[in-house]
Amino acid sequence: MQMKEYKPLIVAFCCNWCSYAGADLAGNNRLNYPAEVKIIRVPCSCRVNPMFILRAFQRGADGVIICGCHPGDCHYTSGNYFTRRRMAALFSMLDFLGIEKERTRVEWVSAAEGAKFAATMNDFVEKVVSLGENKRLEDLRCKR
Amino acid sequence: MQKITKEMLIDKATELLNNGTVSLVLGWKKGEYDYDVTPGVFESVEELKKDFVFGDFSAANLSKYLVKKTEKLEGKILVFLKPCDTYSFNQLLTEHRFDREKVYAVGVQCDGMVDIEKVKKIAGDGILSVDCNGEDIVVKTLYNDDMTIAKADVLAERCANCKSKKHVAYDELLGESGEVIDSNRFDEVEKLEKMTADERFAFWQNELSKCIRCNACRDACPACTCEKCVFNNPNSGVENKSPANSFEEKLFHIIRAYHVAGRCTDCGECSRVCPQNIPLHLLNRKFIKDINEFYGEYQAGAEVGSRAPLVDYTLNDLEPGEVFDRGDENA
């Protein structure tokens, strides 16, 4: 029997001002990055409520990456500083609960960094593929 | 150190009711047994004499009830606060959840509260009464002879790891106020951190799968005072009791811990009220420990008006990816 090839589902939250434009640039430059990455455009990386990430995992995402402007370059001055604190706390908690740490990431990608965007996504997807399907957050409270 | 008795509290409440300082008293109410003490509101001296109790089972943190009780109150309400309750009191003031002018807070010296589950493990079922005489507690049961247990052995988890005997807010003090204690409260968290991810996951799956979603942790938590809670489902008819969807059901505990992160004073009510004895305080302590390590020591409620770490930032905070590197060093 032929094994069906495993295709991960990756959710990328990209801020409108930097990372989404960075993704655009990656496309314009014909840079390859996996089609499994589903980009969700948000006005600012701090728009990403930690619940969005949990929600994505629960609905079957295998990895969630948040991309925003570099600290100091936020379109709204300070949004990504808040993202940084929130996500540090959340990721540490997910790690504490035993969720594989490679499934979550925050990366700062500016509008000029199309190459970085593609490289980041390639790297991230590769790591998630090596982990396989996300079971833990999908079924954390399962009855045994 | 003198022992604080319920008579002293009743006398104080009577005095304040009689001279018109307060019109309501928020305290601890007698239940069917010595150990099922609940929070209660008393309107008169007669009610106080009938039902008011204070002792080793007056563990409930009363500060949360001020939010609802002061809403339409004319005049003042008297509230008794143990040291750890005063932190919640301050935190609620910081969040402008009630009017300080409407509250007369009496700080009560705390000698640690007893966990009835621990007593039951030692003394067995059929407990008739539990009396404390200083260092020991005497348990009378239906089936066994009277039993004397060292109080230190049956202290509630949060009292065994007490973080502070200091009252950070009060109008008047009964007994003595102690000092902030350098406790071992993060030991359990560190133990978990040292495990592998698989072990941690197995531990939490085992613990959280016990949850019956009774929402007791949320209902007792002094940080959970939102009028509209994300866990309420307005379409269900039984608003409090049902999750809006399977997502909330599964990830309830992560979300709740995150919602109170940076605001949790570590009062331990969540674990105390949990009927399934899930160690929920560990989730909160993990956040407190992380915040202390990442952004500097912070104790929610230590002072009124302090800025919670998660709504604040500095230019050189650590990157989210670095939290894992740190974890590897510890391992």
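Basis of the calculations
Residues numbered from 1 in each chain as written. Chains lettered and ligands numbered in written order. Predicted model: local features only at pLDDT ≥ 70, side-chain atom pairs only at ≥ 80, totals over all residues. Helix = DSSP H or I, 4+ residues; strand = E, 2+ residues; numbered from the N terminus. Rg over C-alpha atoms; globule rule 2.2 N^0.38 Å. Buried ≥ 20, exposed ≤ 12 C-beta atoms within 10 Å, placed from the backbone. Contact = placed C-beta atoms within 7 Å. Nonpolar A, V, L, I, M, F, W, Y, C, P; charged D, E, K, R; others polar. pLDDT = per-residue confidence, 0-100. Pairing = 2+ DSSP bridges. Axes fitted to C-alpha atoms, helices over the stretch in contact; angles between N-to-C directions.

### Re the overall build of chain B
Thinking step 1. The helix and strand inventory of chain B stands at 13 helices and eight strands.
Thinking step 2. Against the globule reference of 20 Å for 331 residues, chain B gives a C-alpha radius of gyration of 21 Å, in line with a compact fold.
Thinking step 3. A buried classification covers 39% of the 331 residues belonging to chain B.
Thinking step 4. A sequence separation of at least 24 residues applies to 66% of the contacts in chain B between residues at least 6 apart.

### A look at the interface of chain A and chain B
Quite often, the size of an interface is put as the accessible area lost when its parts meet.
Thinking step 1. Listed per partner, the contact involves 32 residues of chain A and 36 residues of chain B.
Thinking step 2. Of all elements in the fold, only helix 2 (50–58), helix 3 (79–96) and strand 4 (104–108) of chain A reach the threshold of two or more residues within the side of chain A that touches chain B.
Thinking step 3. Considering each element in turn, the side of chain A that touches chain B owes the most residues, 14 residues, to helix 3 of chain A.
Thinking step 4. When its residues are assigned to classes, the side of chain A that touches chain B shows 16 nonpolar, four polar and 12 charged.

### Observations regarding the confidence of the model for chain B
Residue and element names in this part refer to chain B.
Thinking step 1. Chain-level statistics for chain B give a pLDDT mean of 87 and a share of 92% at 70 or above.
Thinking step 2. Strand 3 (residues 77–81) holds the highest mean pLDDT among the elements of chain B, 95, whereas helix 13 (residues 322–330) holds the lowest, 62.
Thinking step 3. In the model, residues 327–331 has pLDDT below 50 throughout and makes five contacts with residues more than four positions away in sequence or in other chains.
Thinking step 4. If you check the scores for this complex, the pTM reads 0.90 and the ipTM reads 0.89.

### With respect to the sheet that holds strand 2 (residues 37–42) of chain A
Residue and element names in this part refer to chain A.
Thinking step 1. Pairing is parallel in the open sheet, where four strands are placed in the order 2-1-3-4. At either end of the open sheet lies a strand with only one pairing partner, and these are strand 2 and strand 4. For this sheet, the mean inter-axis angle between neighbouring strands, taken without regard to orientation, is 20°.
Thinking step 2. With five bridges connecting them, strand 1 (residues 10–15) and strand 3 (residues 63–68) associate as parallel partners. Note that in strand 3 the partner of Val11 across the bridge is Val64.
Thinking step 3. Seen against the sheet, helix 1 (residues 19–28) touches strand 1, strand 2 and strand 3 and runs at an angle of roughly 115° to strand 1.

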